[in-house]
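Reading the structure
So the chains spell out like this:
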Amino acid sequence: MSTSTLGALLYAFFEDHLKAQKGVSAATVRSYRDALRLFLVFVARDLRRRITRVQIEDLTADRVRQFLLSLETQRHNHIRSRNQRLTALKTFFDYLATQQPERLIEAERVMAIPVKRVPPPPTYFLERDEIQMLFAHLPASGPYALRDRALLLFLYNTGARVQEVADLRRRNLELDRHRVHLHGKGDKWRACPLWEESVLLLSQLLGEALAAAPERPVFISQRGQALTRFGIYKIVRRHSKTLVKRGSDGAPILIGPHVVRHTAAVHLLEAGVEVNVIRAWLGHVSLETTNRYAEINIAMKEAALKACAPPTQASAGFPAKPIWRDDTSLLKWLQSL
């Protein structure tokens, strides 16, 4: 298909190539949309034109490089954000070359722009006494006490990503079977077992909605809408602000949903759960380890669940600092989660 205008090309890229042909997730579409919007605004400003007057010929590799530089120097984006924008632009220019072969040379120049190396982020997690302190200090009453306790326990129980929790619907729960189905990265589903305490709190939270309204969000805001990623982050931060943790540089650590995810992984590891079971539990797929982890069934996950007690139970017998925490390969794997 040949497209003569930039607008038509962009529409075909998103609606046909990304959604219909590749079937990428809604989150990926939003990420690519934001990258291209920022790039087009940058090009229009550079040309001193209205964005509706930007032409396909104006999209060059040199402008891509200038745009990436502006992300770091003017918008002060992290290198990871810069690399994500570059990935989106490479995907677009690759598609452009298939639709307009005369743009192949420019597309090849964009594809040759290197991704900047960036050290992995430090892995922060809560110790067992800290996670118990977190739950011990949660409010017992109030309009959102039940929701917040259920949310935090669900995060710790499943190690779910924040977007997976935001997308969670009533139909994804099988409380009679003590499990939940999570929709993760790469449009992949996985089942995770639930503690009895998690099932009880979720049953109380949903009440009558448990038997109806399959599309009802499990965790809702005061407006009756699904909690967003930002809303979930705010709840975790609000209830964890009494926990004082500092990084190696002495700076305070902000405890968010991903810290709880790492905490779940670490505590499962300390409980003796095999690494590949944890990998399947958390829905993590590493491109560097595609040879090839066996699919872990729900029975194995349930056995792993019994090895790691919920925060309401005693944790006696666990060493203060297990030997594995000095294992660099395991620490590197945890950083990838």
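Up top is the structure these notes are about.
Attention in this report is confined to the structure presented alongside it. Not measured: the values here are computed from a predicted model.

**Quick notes on the environment of T87**
For T87, the position within the fold is in helix α4 (residues 79-99). Sequence separation between T87 and V115 is 28 residues; the distance between their C-alpha atoms is 8.5 Å.

**Regarding the sheet that holds strand β2 (residues 179-183)**
Pairing within the open sheet is antiparallel, and its three strands lie in the order β1-β2-β3. Single-partner strands in this sheet number two, and they are β1 (173-174) and β3 (189-193). Where β1 meets β2, two bridges bridge the pair, whose relative direction is antiparallel. Within β2, the residue paired with E174 across the bridge is R179. Packing against the sheet, helix α7 (residues 145-158) makes contact with β2 and β3, and its axis sits at approximately 80° to β2.

**Some words on the packing of aromatic side chains**
Throughout the structure, instances matching the rule amount to nine aromatic pairs. Note on F13 and Y95: the rings are 5.5 Å apart at their centroids and 50° apart in plane angle, and the pair reads as tilted. Here F13 is found in helix α1 (residues 6-22), whereas its partner Y95 is found in helix α4, with 82 residues between them in sequence. Comparing F13 with Y95 shows no difference in burial state: the two are buried. Here F135 and Y156 contribute two aromatic rings whose centre-to-centre distance is 6.4 Å and whose plane-to-plane angle is 45°, an arrangement assigned as tilted. Linking F135 in helix α6 (residues 128-136) with Y156 in helix α7, this pair joins segments that are 21 residues apart in sequence. Joined through ring pairs, the aromatic side chains of F13, F14, F92, F93 and Y95 make up one cluster.

**Comments concerning the environment of E127**
By the secondary structure assignment, E127 is in the loop between α5 (104-111) and α6. Each C-alpha atom of the pair E127 and T263 lies 7.5 Å from the other, and the pair is 136 residues apart in sequence.

**With respect to helix α10 (residues 229-240)**
Here α10 contains 12 residues, and its C-alpha end-to-end distance of 17 Å stays within 8% of the 16 Å for a straight helix at 1.5 Å per residue. Listing the buried residues of α10 in full gives G231, I232, I235, V236, H239 and S240. Projected down its long axis, α10 shows its buried positions confined to an angular sector of 160°, all on one face. Those residues of α10 that are buried are in contact with α6, α7, α8 (162-166) and α11 (257-270).

**A word on the pattern of salt bridges**
If you walk through the whole model with that rule in mind, you get 17 salt bridges. As a salt-bridge pair, E106 and R109 come within 3.1 Å of each other at their nearest N and O atoms. On the criterion of helical spacing, the pair formed by E106 and R109 is a turn pair, its members being three residues apart in helix α5. The exposure class assigned to E106 is buried, which follows from its relative accessible area of 15%. Residue R109 is classed as partly exposed on the basis of its relative accessible area, which comes to 32%. Each of D62, R65, E106 and R109 takes part in one network of salt bridges that share partners.

**Focus: the side chain of S198**
Structurally, S198 is set in helix α9 (residues 196-206). Leave out the neighbours within four places in its chain, and S198 touches L153 and N157.

Definitions and limits used
Residues numbered from 1 in each chain as written. Predicted model: local features only at pLDDT ≥ 70, side-chain atom pairs only at ≥ 80, totals over all residues. Heavy atoms only, no water. Helix = DSSP H or I, 4+ residues; strand = E, 2+ residues; numbered from the N terminus. Pairing = 2+ DSSP bridges. Contact = heavy atoms within 4.5 Å. Axes fitted to C-alpha atoms, helices over the stretch in contact; angles between N-to-C directions. Phe/Tyr/Trp six-rings, centres within 6.5 Å; stacked < 30°, edge-to-face > 60°. Buried < 20%, exposed > 50% of the residue type's maximum accessible area, 1.4 Å probe, protein only. Expected span 1.5 Å × (residues − 1). Arc of directions from axis to C-beta. Salt bridge = Lys/Arg side-chain N within 4 Å of Asp/Glu carboxyl O.

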